[in-house]
Amino acid sequence: MTVKHHPSEAVLFAYAAGGLGEGLSLLVAAHLSFCPSCRRSVAEAEAVGGVMMEEIAPVAVRPDSLDRVLANLDGAPVPNRAATPAPPRPTPASAARSTDTPPLPSVLSAYVGDLSGARWQWVAPGVRQLDLVHRAQGRDSAKLLRIAPGRVLPHHGHAGLEMTVVLSGSFTDEQGRFTRGDLAELDSDAQHQPIADSGEDCICLIGTDAPLRFSGLVPRMMAPMLGF
Ligand SMILES: [Zn+2]
């Protein structure tokens, strides 16, 4: 298996620094489980971050600093820890088997369990989905899409970042062909129309940090069903 499409350096850096939400972190972690090259990049970024932290010179603080911080915390909103979990971390994926549902990266097991028993939700003819990280206000989301061979997804653009990792099968869009492990990254300038290749279902993990913008009446009507 050769992974050809990777996240941008900016995304890998943001992941290493813990700057992505849970949904997009899951996307990057899933790609990393297939991609030794990006795992190395993240490890390097984390090492650089660690060195920078060590090199920050200590600063003298006022004797009453702790009291002032504690006083400021009184009455401050309690952070929602459930909404800001630690980013998912990958482990290398096992090789795909020639079965109906290839093994998922282990980073997804906590969200999906056994895919063969998953309760897929019908979205449109030939398209089913499984919500993994539901969009809360202003946050990112992640879901699995299962697309029948040859199915064309609605043409859409993005208000923010959209990433897709192929877990089985393949799809083709304006950027090229994406197979198991490949990550497609589209920013707010990009529009695309993925088409699942023939032969087998395409199962992919898709994450967005803002609602998608669909062009055309029917896709716009489908958007709420897709949860975008
Ligand atoms: Zn990669």
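Residues numbered from 1 in each chain as written. Predicted model: local features only at pLDDT ≥ 70, side-chain atom pairs only at ≥ 80, totals over all residues. Heavy atoms only, no water.

Burial runs high along helix α2 (residues 22-32): ten of the eleven residues are buried. Along α2, the positions that sit buried rather than exposed are Gly23, Leu24, Ser25, Leu26, Leu27, Val28, Ala29, Ala30, His31 and Leu32. (Buried < 20%, exposed > 50% of the residue type's maximum accessible area, 1.4 Å probe, protein only. Helix = DSSP H or I, 4+ residues; strand = E, 2+ residues; numbered from the N terminus.)

What follows is about the coordination of the zinc ion. On the protein side, the zinc ion has His6 (ND1), His31 (NE2), Cys35 (SG) and Cys38 (SG) as donor atoms, found 2.1 to 2.3 Å from it. Relative to the metal, the four donor atoms surrounding the zinc ion lie at angles of 99 to 113°, and the coordination shape comes out tetrahedral. Counting residues between consecutive donors of the zinc ion along the chain gives the motif H-x24-H-x3-C-x2-C. In this pair, histidine 6 sits in the segment before α1 (9-16) while histidine 31 sits in helix α2, placing the two residues 25 residues apart along the sequence. Given a relative accessible area of 32%, histidine 6 falls into the partly exposed group. (Donors = N, O, S within 2.8 Å, 3.2 Å for Na, K, Ca; no water. Tetrahedral: all angles 85-135°; square planar, octahedral: opposite > 155°, others 65-115°.)

In this numbering, the UniProt entry assigns the feature "domain: Putative zinc-finger" (unreviewed entry) to residues 12-39. Along residues 12-39 one finds 71% helix and 0% strand; the C-alpha atoms at either end are 9 Å apart. (UniProt positions renumbered as here; feature names shortened; annotations may be inferred.)

Using the criterion set out here, one finds four salt bridges in the structure. Aspartate 197 is the salt-bridge partner of arginine 177, the closest N and O atoms lying 2.9 Å from each other. One end of the pair, arginine 177, is in strand β7 (residues 176-178); the other, aspartate 197, is in the loop between β10 (195-196) and β11 (202-208), with 20 residues separating them in the sequence. Judged by relative accessible area, which is 16%, aspartate 197 ranks as buried. Residues joined in a network through salt bridges with shared partners are Arg128, Arg146 and Asp201. (Salt bridge = Lys/Arg side-chain N within 4 Å of Asp/Glu carboxyl O.)

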